[in-house]
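These are the residues of each chain, in order.
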Amino acid sequence: MATPTPLSRLFTVVLAGVLAGLVLAVAALPGNLLLGFAAKAALGNYAALPDALRTPATPQRSYLYANDGKTLITTFYDVNRTDVALTEIAPVMRQAIVAAEDRRFYDHGGVDLRGMLRAVVSNVTEGTGQGGSTLTMQYVRNVLKTDPSRTAEERAAATEPTIGRKLQEIRYANALEQRLGKDEILNRYLNIAYFGSGAYGVAAASQRYFSKAPADLTLAEAALLAGLVQSPEAYSPIDGDVDAALERRGYVLDSMVETGAITADQAAEARAEKLTLDPSEQANGCAATTSGRDGWGFFCDYLRRWWVAQPEFGDTVEEREQALRRGGYRVVTTLDPQTQATAQRQATGIYGYDNPRAVPIAAVEPGTGRVLAMAVNRHYSLDSNPDGQVNYPNTVNPLISGGAGVAGYQAGSTFKLFTMLAALESGRTLSTGFDAPSRLPTRYAAEGEGSCDGRWCPANANPEWMDGYRMMWDGFGRSVNTYFVWLAEQVGPEKVVEMAQRLGITFRAESDADFAENDAADWGAFTLGVAATTPLDLANAYATVAAEGTYCSPLPVVSVTAPDGQRLPVGEPNCREVLDPDVARAATDAARCPVGQQSAFGQCNGGTATAVNRILDGRPVAGKTGSSDQAATESFVGYTPQVAIAGIAANPDDPTDSVGAAVQARVIDAVARIIGTAVEGQPAQAFTPPSRELVGTPRRPVERDPLPDPRRTPDNPLSDFRRWLQNRG
């Protein structure tokens, strides 16, 4: 029990005189006059009450759930508390708190003068620390000292040992009792009282000490919690004195017997129970996501950055951040636990956590923009790293979504999609043909390696397999550089750049942004994926094509619900048509070629990711590989009508560290398997073929892919695999 200080003893002596005079004055008033005065004073005081007392706005933690609405990702809070209805609190808990703190709660009108005088006399004569405050008065004090709308000085004044503060508390308590029922006051009190160990309110306390809901508390557990309120830190069995906590529990049980809430036998049985704690820490923030779910922190961080950009949560970033930590929201996110688990397993299967190279992966739902998964072989953690390891195994940098200094990674030939779309939109057809040479002199000035007589002169990675007459189908399927550089010249590189931006590609690197704004017409290499991007941007761009030209802003939430049950106007997809549907369908028809499937018009004759068709057992799928110069990065994007997934192998800290060509097969395999998880249980959906208008007239018969899938030639895997690698894009 807390020992009274000299100041508090002096305060109680003075207060005793004030209260004694108040009691005598009240006793001298005629009954009718007293009633009229009380009613008038109460009504006047209620109108003058602070907003926080009339309409509680106490801080509560916000909960983030996966898209099933049940799997908890984490919580955000400044104060660890969550409001619950009185019906969600065990009756023994309600009875215990009344017995421990205010036995005459249901008999007084907010102020118990007899109880206060008894406490004052005990404090002065015996040196005890009795407070004499009713539950209603304690509730007033708790609200005023935690009200986020008040200044720090005003909150501090709510607990100052002054007569003025105590009299104000009395007035406020009396006004509340005139307007609110006892059960409402008790409910509010139980939701704001501090129970120690960081737990505010009975819901947080039940979880903190016993890992259960307040409705499930036993008599012994309820008595223990009720006993903590008087001196939370001293009595807390986690942070304080277990023996003191048990002694206080016994006091509460005896008080419950005296109030008639329980029998003496029930009290004896509860007192004999051994204290069995099941403490749980309440996760707070993205770095505290549940153990074993490393990738979840990156998704959580993306959601937090999305949140602070939404005007619905406040006028400033600071207000929005505070809303997340104090607003008590229930946020159902778009994260799919199964897809996320597979993505994380695949990412860490390619590179371990302690590898400087990384494979960030993002999954997006076409037609909604909902982000289903974000994975990378890193721990989302603020923990330090070994010397020389800047970004691994721990980091909180947005390696998957970009921002905060992360510009992204070159995605190579995946950008050829934007050239194909720009060409189709300009009136060209899938049958647009070109005799692609091994090297193509262009009109763009260049010096050094890769130039021919002062002009940029790109080459095909495997002339034997790529050179020759190509149309969009096999140009895309075989990833023929010279075909797409030529096609971009015909359309205009600036239109290719604009197409990429239209589909959500953001230029975060200063040099890329400058090129896009000032030199797009001469950015011939753009079609080969020299601009930095992120898996999230790339997946969402391909999702736009999967959705037949409907672009949706990436979205991390399904719904946001306030504590009063009101659903906020956020979480709805923000979509618009950015491509003619027929153009998108035509691009998809060509994108069937890289993954080993056939276009609707039979024009696929080779692909750089044919293993995808086998992994997905023939399910309709499209996609594109990408390899940047010298295999510095290796990428793959795959999509069905239900999901689009992108993965990029890169070294986030050292762009000069080439990941090597061999890893591309593993990235392809990983993305395909994540697609399999994402669409599991969903019916296979066919892609809609484009109109004949965008097909044109093919100029050659269908050829067959002359190269075997390395995974299907176990008799001579090494030579076949090398041959396959030569033909990748």
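In the block above lies the structure referred to throughout.
Now for a look at the structure at hand.

Quick notes on the rules
- Residues numbered from 1 in each chain as written.
- Predicted model: local features only at pLDDT ≥ 70, side-chain atom pairs only at ≥ 80, totals over all residues.
- Heavy atoms only, no water.
- Helix = DSSP H or I, 4+ residues; strand = E, 2+ residues; numbered from the N terminus.
- Areas by Shrake-Rupley, 256 points an atom, 1.4 Å probe, with all protein chains shown as cover.
- Disulfide = S-S within 2.5 Å.
- Buried < 20%, exposed > 50% of the residue type's maximum accessible area, 1.4 Å probe, protein only.
- Pairing = 2+ DSSP bridges.
- Axes fitted to C-alpha atoms, helices over the stretch in contact; angles between N-to-C directions.
- Contact = heavy atoms within 4.5 Å.
- Patch = residues over 30% accessible without salt bridge, like charges linked within 9 Å, V, L, I, M, F, W, Y side chains within 5 Å.
- Salt bridge = Lys/Arg side-chain N within 4 Å of Asp/Glu carboxyl O.
- Lys, Arg positive; Asp, Glu negative; His and termini not counted.
- Charge placed at Lys NZ, Arg CZ, Asp CG, Glu CD.
- Phe/Tyr/Trp six-rings, centres within 6.5 Å; stacked < 30°, edge-to-face > 60°.
- Lys NZ or Arg CZ within 6 Å of the ring centre and 35° of its normal.
- Polar contact = N/O pair within 3.5 Å; in protein donor to acceptor, adjacent residues only side chain to side chain.

Below, the discussion takes up the overall build of the protein chain. Within the protein chain one finds 29 helices and 19 strands. Counting only carbon and sulfur atoms, one obtains 50% of the accessible surface of the protein chain, whose full area is about 29,600 Å².

With that settled, consider the state of the cysteines. Counted according to the given criterion, the structure contains four disulfides. Disulfide pairing places C552 opposite C575 at an S-S distance of 2.1 Å. Between C552 and C575, the S-S torsion sits near 110°, and that sign places the bridge as right-handed. Here C552 is found in strand β14 (residues 550–552), whereas its partner C575 is found in strand β16 (residues 575–577), with 23 residues between them in sequence. Take C552: its relative accessible area is 2%, and that puts it in the buried class. Classification of C575 as partly exposed rests on a relative accessible area of 32%. Linked covalently through their sulfurs, C593 and C604 form a disulfide whose S-S length is 2.0 Å.

Before going further, it helps to spend a moment on the sheet that holds strand β4 (residues 361–364). Ordered by their spatial adjacency, five strands build an open sheet running β5-β4-β19-β18-β17, and the pairing between neighbours is antiparallel. Because the sheet does not close on itself, it has two edges, and the strands there are β5 (371–375) and β17 (622–627). Geometrically, the sheet is characterised by an average inter-axis angle of 5° between neighbouring strands, direction not taken into account. Here strand β18 (residues 634–639) runs beside strand β19 (residues 644–649); their pairing, made up of six bridges, is antiparallel. Following the sheet pairing, S635 is matched in β19 by I648. Here helix α17 (residues 337–350) sits on the sheet in contact with β4 and β5, set at roughly 25° to β5.

Ordered by their spatial adjacency, four strands build an open sheet running β2-β1-β3-β15, and the pairing between neighbours is mixed. Two strands in the sheet have a free side with no partner beyond their single neighbour: β2 (72–76) and β15 (557–561). Ignoring which end each strand starts from, the neighbouring axes of this sheet average 15° apart. Sheet topology places strand β3 (residues 330–333) next to β15; four bridges connect them, and they run antiparallel. The residue bridging V332 from the neighbouring strand is S559, located in β15. Running over the sheet, helix α15 (residues 296–307) touches β1 (62–65), β2, β3 and β15 and is turned about 45° from β2.

A surface patch of negative charge is lined by E510, D514, E517 and D519. Following the sequence through the fold, E510 ends up in helix α23 (residues 510–518). E510 gets classed as exposed once you look at its relative accessible area, which sits at 71%.

Moving on, we get to the environment of V359. Mapped onto the elements of the fold, V359 is located in the loop between α17 and β4. Of the residues examined, V359 reaches a relative accessible area of 1% and is grouped as buried. Taking C-alpha positions, V359 is 8.0 Å from T348, a pair spaced 11 residues apart along the chain. Those residues in contact with V359, other than ones at most four positions away along the chain, are A347, I350, Y351, A375, V376, N377, I648 and A649.

Here we come to the packing of aromatic side chains. Within the structure shown, the criterion is met by 22 aromatic pairs. Summarising the aromatic geometry, the rings of F434 and W486 are spaced 4.4 Å apart at their centres and angled 5° between planes, so their arrangement reads as stacked. Taken together, the residues span a long stretch of sequence, with F434 in strand β9 (residues 434–436) and W486 in helix α21 (residues 481–491) at a distance of 52 residues. With respect to class, F434 is no different from W486; both count as buried. Here the aromatic rings of W523 and F526 are separated by 4.9 Å at their centres, their planes lie at 55°, and the arrangement is tilted. Taken individually, W523 and F526 each receive the classification buried, so the pair is uniform in this respect. Clustering of aromatic rings is evident, with ring pairs tying together F415, F418, F507, F515, W523 and F526. In this structure, K182 packs its charged tip against the face of F105, placed 4.5 Å from the ring centre. For the cation-ring pair, R330 lies above Y65, with the distance from its terminal atom to the ring centre recorded as 4.7 Å.

Inspection of every chain in the model, using the stated rule, returns 22 salt bridges. Between E258 and R103 there is a salt bridge; the shortest N-O distance is 2.4 Å. On the criterion of sequence distance, the pair formed by E258 in helix α13 (residues 242–259) and R103 in the loop between α4 (91–101) and α5 (113–126) is long-range, its members being 155 residues apart. Relative accessible area serves as the criterion here: at 57%, E258 is assigned to the exposed category. The class for R103 is partly exposed, based on a relative accessible area of 37%. Among the charged side chains, a salt-bridge network with shared partners connects D301, R304, R305, E321 and R325.

Glancing now at helix α18 (residues 416–425). Summarising burial for α18: nine of the 10 residues are buried, a large majority. Looking one or two residues beyond α18, the residue adopting positive phi is G427, at roughly 110°.

On the secondary structure map, A611 appears in helix α26 (residues 611–615). Separated by 57 residues in sequence, A611 and I668 have C-alpha atoms that sit 7.9 Å apart.

Topologically, Q310 is positioned in the loop between α15 and α16 (317–326). Its relative accessible area of 16% is what places Q310 among the buried residues. In this structure the side chain of Q310 is engaged in a polar contact, spanning 3.0 Å, whose partner is the backbone oxygen of W306.

Time to look at the side chain of T414. Here T414 is to be found in the loop between β8 (409–410) and α18. The residues contacting T414, other than those within four sequence positions of it, are L538, Y542, K624, T625, G626, S635 and V637.

Note the cis peptide between Y392 and P393, where omega equals 0°. Secondary-structure assignment places P393 in the loop between β6 (379–380) and β7 (394–395). Phi at A404 takes a positive value of approximately 55°, unusual for a residue other than glycine. Along the chain, the position of A404 falls in the loop between β7 and β8. Even without being a glycine, D453 presents a positive backbone phi close to 55°. Structurally, D453 can be placed in the loop between β10 (451–452) and β11 (455–456).

Function cannot be read off these values alone, since they describe shape.
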